[in-house]
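Each chain, written out:
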Amino acid sequence: MTAVARTLPWDWYDGTLPDNVELDDTAYVETTFSFLLYRSERQPGVSYGKGSSSYLGTMFDVGPSGRVRIGDYALVHGARIICDDEVVIGDHALISWNVVLMDTYRFSSDPGVRREELRSVPAALPRVLTGGAEARRIVIGDNVWIGFDAVVLPGVTIGEGAVVGAKSVVTADVPAYSVVAGNPARVVRTIPKEDDDVVED
Ligand SMILES: CC(C)(COP(=O)(O)OP(=O)(O)OC[C@H]1O[C@@H](n2cnc3c(N)ncnc32)[C@H](O)[C@@H]1OP(=O)(O)O)[C@@H](O)C(=O)NCCC(=O)NCCS
């Protein structure tokens, strides 16, 4: 039996949700255009938790071995997610516009390797540059807020409740309940942890 193509009634783009995208009944995808670059062969390749959402500008540039998990009530407001291994977005995380979460640099730092990769493009079908660099999982903890234009580099874990300032470049792990900012991002202050931070659902 073939799966029924899933479209979104409100979608301005004439696309469908890939079969291996797992969507909770209460989750929201603004547009299937977000999956234009999506090539994941994992099961699921993207999963949306309950009450979670992705809005216009969000792009899942996910390779065949990549997988993205969006936690319960997490909100992704126009981020580019470049994933060849795994990107985990925690529950109640808030990801602002133009944020880049990349678990891989995709390309080699060796100029000769890059030159050969570029020279293979004209013969490639589809005509894309695939690369093959190492990928290292990214974890965005529960209740994290990432400000606009921030970049999170491969292998980074951002601890629960942390805040990442706008335009920061996060090169290393971020402690829970801290505010980091700048390039490279550094802790600028810590956030008091309230008792009511414990959420029951
Ligand atoms: C990170 C942020 C929340 C911090 O706010 P805050 O806790 O009030 O921190 P402050 O403004 O007191 O700044 C603390 C220090 O960090 C620096 N800083 C704050 N944000 C910074 C940033 N984005 N980049 C570089 N430095 C930053 C401040 O200059 C200050 O440095 P100083 O102590 O040397 O003077 C805020 O600066 C920010 O970037 N907000 C982005 C919000 C956003 O993206 N909203 C989009 C809608 S989702």
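Details of the structure are given in the entry above.
None of the values given here were measured: they were computed from a predicted structure. (Residues numbered from 1 in each chain as written. Predicted model: local features only at pLDDT ≥ 70, side-chain atom pairs only at ≥ 80, totals over all residues.)

Draft legend 1. Broad picture of the overall build of the protein chain. Along its length, the protein chain carries one helix and 19 strands. Taken over the C-alpha trace, the protein chain has a radius of gyration of 18 Å; the compact-globule value for 201 residues is 17 Å, and the two agree within 12%. Principal axes of the C-alpha set define a box for the protein chain whose edges measure 55 × 45 × 25 Å. Among the 201 residues that make up the protein chain, the fraction classed as buried is 33%. (Helix = DSSP H or I, 4+ residues; strand = E, 2+ residues; numbered from the N terminus. Rg over C-alpha atoms; globule rule 2.2 N^0.38 Å. Buried ≥ 20, exposed ≤ 12 C-beta atoms within 10 Å, placed from the backbone.)

Draft legend 2. Quick look at the environment of glutamate 86. Along the chain, glutamate 86 turns up in strand E9 (residues 86-89). Taking C-alpha positions, glutamate 86 is 15 Å from glutamate 22, a pair spaced 64 residues apart along the chain.

Draft legend 3. Focus on the sheet that holds strand E11 (residues 100-102). The strand order across the open sheet formed by five strands is E5-E8-E11-E14-E17, and the pairing between neighbours is parallel. The open sheet terminates on both sides in strands that have one partner only, identified here as strand E5 (59-62) and strand E17 (169-170). (Pairing = 2+ DSSP bridges.)

Draft legend 4. Up close: the sheet that holds E9. Taken together, the six strands give an open sheet; going across it, the order is E1-E3-E6-E9-E12-E15, and neighbouring strands pair in parallel fashion. Each end of this open sheet is capped by a strand with a single partner; those strands are strand E1 (21-23) and strand E15 (157-158).

Draft legend 5. Unusual backbone geometry, seen in detail. Residues glutamine 43 and proline 44 are joined by a peptide bond in cis, for which omega reads -5°. Counting through the fold element by element, proline 44 comes out in the loop between strand E2 (28-29) and strand E3 (46-48). We note that asparagine 143 has phi near 65°; this positive angle belongs to a residue other than glycine. Relative to the elements of secondary structure, asparagine 143 occurs in the loop between strand E12 (138-140) and strand E13 (145-146).

Draft legend 6. Looking closely at the pairing of strand E18 (residues 178-181). Inspection of the sheet shows strand E16 (residues 163-164) paired to E18 by two bridges, in the parallel sense. Paired with valine 164 across the two strands is valine 180, which belongs to E18. Examined bridge by bridge, E18 and strand E19 (residues 186-190) share four bridges and lie antiparallel to one another. Among the inter-strand pairings, valine 179 is bridged to a residue of E19, identified as arginine 189. Where E18 folds back on E19, the antiparallel hairpin that results is connected by four residues, among which glycine 182 adopts a positive phi of roughly 95°.

Draft legend 7. Spotlight on the nonpolar core. Residues Val68, Ile81, Ile89, Leu101, Ile158, Val164 and Val170 are the most contacted members of the largest nonpolar core, which totals 40 residues. A per-element tally of this core places strand E8 (residues 80-83) first, with three residues. With residues near it in sequence (within four places) discarded, isoleucine 81 still touches Met59, Phe60, Asp61, Val62, Val68, Val87 and Leu101. (Core = buried A, V, L, I, M, F, W, Y, C linked by C-beta atoms within 7 Å. Contact = placed C-beta atoms within 7 Å.)

Draft legend 8. Quick look at the environment of arginine 106. Position of arginine 106 among the secondary structure elements: in the loop between E11 and helix H1 (111-119). Counting along the chain gives 20 residues from arginine 106 to proline 126, while the straight-line C-alpha distance between them is 17 Å. In this view, arginine 106 contacts Ile82, Gly131 and Ala133; residues no more than four positions away in its chain are not counted.

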